[in-house]
Amino acid sequence: YTILAKPVSRAQFIVGKFLGLCATVTVELLLMAGLLFLLLSLYPEPIDWNLIKPVVLIDCELFVLISIALVFSSYSSSFMSVIFCLSMLFIGHLTDDLAGIMLPRATEMIEKGQGFEVFLGKTLAFVVAFLQTLTFDHFVINAKIVHGVPIPWAYVWTGCAYGASLCLFFLLIAVTLFARKDLQ
């Protein structure tokens, strides 16, 4: 917070923190990917350059997690921010499974129920639809690449655009929350 004593707005502080963390994570990921390709070059088989695609999507997923962490850190303690961020990570990877479990039950409640049960079913369906917009499954193509499933670059760029929109959404929330925070 000593930076905030300088003529820096709170929005610039949050965006600068985001960009700095993203740059750090990207450098670390590139170093790990470089080491992976170096190790793969020691094998007689040719290197599968499709491994670059999951690296790009992993970087995008990490950017989204950084923006989520900034939201939680702008109003809660460090420990709670870690708990909330890990929860969002788990929810983001389990949304398709949750939808597969909860949506049929919600549909059944809407079709066969009355009054409160219909309301509860519609609420459940809304929550599932909302959670599906926060899915991280688009970023996970590791198994597909390993098993030789062709992944076009358009899929990767769509994932990057999706990640960028989530980052923008969460950064706007973080800037709004941090602007309201009383620093005394």
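Please refer to the structure placed before this passage.
Residues numbered from 1 in each chain as written. Predicted model: local features only at pLDDT ≥ 70, side-chain atom pairs only at ≥ 80, totals over all residues. Heavy atoms only, no water.

S.K.: Is there a simple way to explain the overall build of the protein chain in this structure?
M.R.: Counting its secondary structure elements, the protein chain contains 6 helices and 0 strands. Each helix and strand of the protein chain, placed in order from N terminus to C terminus, yields the pattern α-α-α-α-α-α. Its C-alpha radius of gyration of 20 Å places the protein chain more than 25% over the 16 Å reference for a compact globule of 184 residues. Along the first, second and third principal axes, the C-alpha set of the protein chain runs to 65 × 55 × 30 Å. Residue burial in the protein chain is summarised as follows: out of 184 residues, 31% are buried. Considering only contacts within the protein chain whose residues lie at least 6 apart along the sequence, 71% involve residues at least 24 apart. On the protein chain, roughly 11,500 Å² of surface is accessible, and the fraction owed to carbon and sulfur atoms is 73%. When the 10 basic and 12 acidic side-chain charges of the protein chain are each reduced to a single mean position, those positions are 13 Å apart. (Helix = DSSP H or I, 4+ residues; strand = E, 2+ residues; numbered from the N terminus. Rg over C-alpha atoms; globule rule 2.2 N^0.38 Å. Buried < 20%, exposed > 50% of the residue type's maximum accessible area, 1.4 Å probe, protein only. Contact = heavy atoms within 4.5 Å. Areas by Shrake-Rupley, 256 points an atom, 1.4 Å probe, with all protein chains shown as cover. Lys, Arg positive; Asp, Glu negative; His and termini not counted. Charge placed at Lys NZ, Arg CZ, Asp CG, Glu CD.)

S.K.: What am I meant to see in the packing of aromatic side chains here?
M.R.: Centre distance and the angle of the planes are the two values used to describe a pair of aromatic rings. This model, assessed by the stated rule, comprises 9 aromatic pairs. Centre to centre, the rings of F72 and F84 are 5.1 Å apart; their planes meet at 45°, and the pair counts as tilted. Within this pair, whereas F72 is found in helix α2 (residues 52–73), its partner F84 is found in helix α3 (residues 78–112), the two being separated by 12 residues in sequence. In this structure, R10 packs its charged tip against the face of F178, placed 5.5 Å from the ring centre. (Phe/Tyr/Trp six-rings, centres within 6.5 Å; stacked < 30°, edge-to-face > 60°. Lys NZ or Arg CZ within 6 Å of the ring centre and 35° of its normal.)

S.K.: Looking at this structure, how should I read the pattern of salt bridges?
M.R.: It is possible for side chains bearing opposite charge to pair when their charged atoms get close. All told, the structure shown has 1 salt bridge when counted by the stated rule. Between E108 and R105 there is a salt bridge; the shortest N-O distance is 3.2 Å. In this pair, E108 and R105 are both assigned in helix α3, 3 residues apart and thus about one turn of the helix distant. (Salt bridge = Lys/Arg side-chain N within 4 Å of Asp/Glu carboxyl O.)

S.K.: I would appreciate a short explanation of the nonpolar core in the present structure.
M.R.: Counting 30 residues, the largest nonpolar core has I14, F18, V64, I68, L70, F136 and F170 as the members making the most contacts within it. In terms of residue count, α2 provides more of this core than any other element does, 9 residues in total. Beyond its immediate chain neighbours, meaning those up to four positions away, F170 contacts S67, I68, V71, M88 and L134. (Core = buried A, V, L, I, M, F, W, Y, C linked by side-chain atoms within 4.5 Å.)

Any link to function would need more than the numbers given here.
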